[in-house]
Amino acid sequence: QVQLVESGGGLVQPGGSLRLSCAASGSIFSINAMGWYRQAPGKQRELVAGITSGGSTNYADSVKGRFTISRDSAKNTVYLQMNSLKPEDTAVYYCNTESFDLLGRFNDNWGQGTQVTVSS
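If you're wondering where the values come from, they're calculated on a predicted model, not measured in any experiment. Sequence positions are assigned chain by chain, starting from 1 and proceeding in written order. The predicted nature of this model means local features are confined to residues of pLDDT at least 70 and side-chain atom pairs, given and counted, to a pLDDT of 80 or more, with totals for whole chains, interfaces and linings taken over all residues. The basis for every side-chain value is the complete set of heavy atoms in the structure, and neither hydrogens nor water enter the calculation.

Novice: Could you give an account of the sheet that holds strand E7 (residues 67-72), with specific residues and numbers?
Specialist: Only when DSSP finds a minimum of two bridges between them are two strands counted as paired. Helix numbers and strand numbers start at the N terminus; a helix is a DSSP run of H or I with at least 4 residues, a strand a run of E with at least 2. Reading across from one edge, E1-E3-E8-E7 is the order of the four strands in this open sheet, with antiparallel pairing throughout. Of all the strands in the sheet, just strand E1 (2-7) and E7 have a single pairing partner and so form its edges. Within the sheet, the average angular offset between the axes of one strand and its neighbour, ignoring direction, is 15 degrees. Pairing between strand E3 (residues 18-26) and strand E8 (residues 77-82): six bridges, direction antiparallel. Across the sheet, the residue bridging to Cys 22 is Val 78, located in E8. Every axis corresponds to a line fitted to the C-alpha atoms, with the helix fit spanning only the stretch in contact, and the corresponding angles, defined between N-to-C directions, vary from 0 to 180 degrees.

What follows is the structure in structure tokens.
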């Protein structure tokens, strides 16, 4: 089993910044893609940003130029730097990883979610 522990959410004013972190532990041999999703009240969960094991990144159009995803593979950790935050960024943010254990079994893992609220 894989555990994901997220941190860094909170309340911030519009235009402010937050940095989310997500550390993976447990039965991990390798991690392929890592990503951040978010879900606002009454809306479907959506991909915010993703990063492959090779470092390729992709972003939702709504966050391009404001958010940056990065990973520390040695620490099995993924980060999301969020700048110029807007009220519409308010949501619960979830970390996701795609990993393989020592037996080659694939795991799609989700964190518990961290609340990000952008409000004055």
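Novice: Got a sec to walk through the environment of Ser 7? Specific residues and values, please.
Specialist: With respect to the helices and strands, Ser 7 occurs in strand E1. Separated by 72 residues in the primary sequence, Ser 7 and Tyr 79 place their C-alpha atoms 9.6 Å from one another. We call two residues in contact when some of their heavy atoms are within 4.5 Å. Contacts of Ser 7, omitting those with residues within four sequence positions, involve Arg 19, Leu 20 and Ser 21.

Novice: Outline the side chain of Thr 77, listing residues and values.
Specialist: Among the structural elements, Thr 77 can be located in strand E8. Note on classification: 1.4 Å probe, protein chains only; a residue is buried when its accessible area is under 20% of the maximum for its type, exposed when over 50%, partly exposed between these limits. For Thr 77, a relative accessible area of 8% gives the class buried. The definition of a polar contact used here is a pair of N or O atoms within 3.5 Å, where within protein one atom must be able to donate a hydrogen and the other to accept one, and adjacent residues in sequence count solely through side-chain atom pairs. Within the local environment of Thr 77, its side chain forms a polar contact with the backbone oxygen of Lys 75, the two atoms lying 2.9 Å apart. Filtering out sequence-adjacent residues up to four positions away, Thr 77 remains in contact with Cys 22, Ala 23, Met 34, Ser 70, Arg 71 and Asp 72.

Geometric values such as these leave the question of function open.
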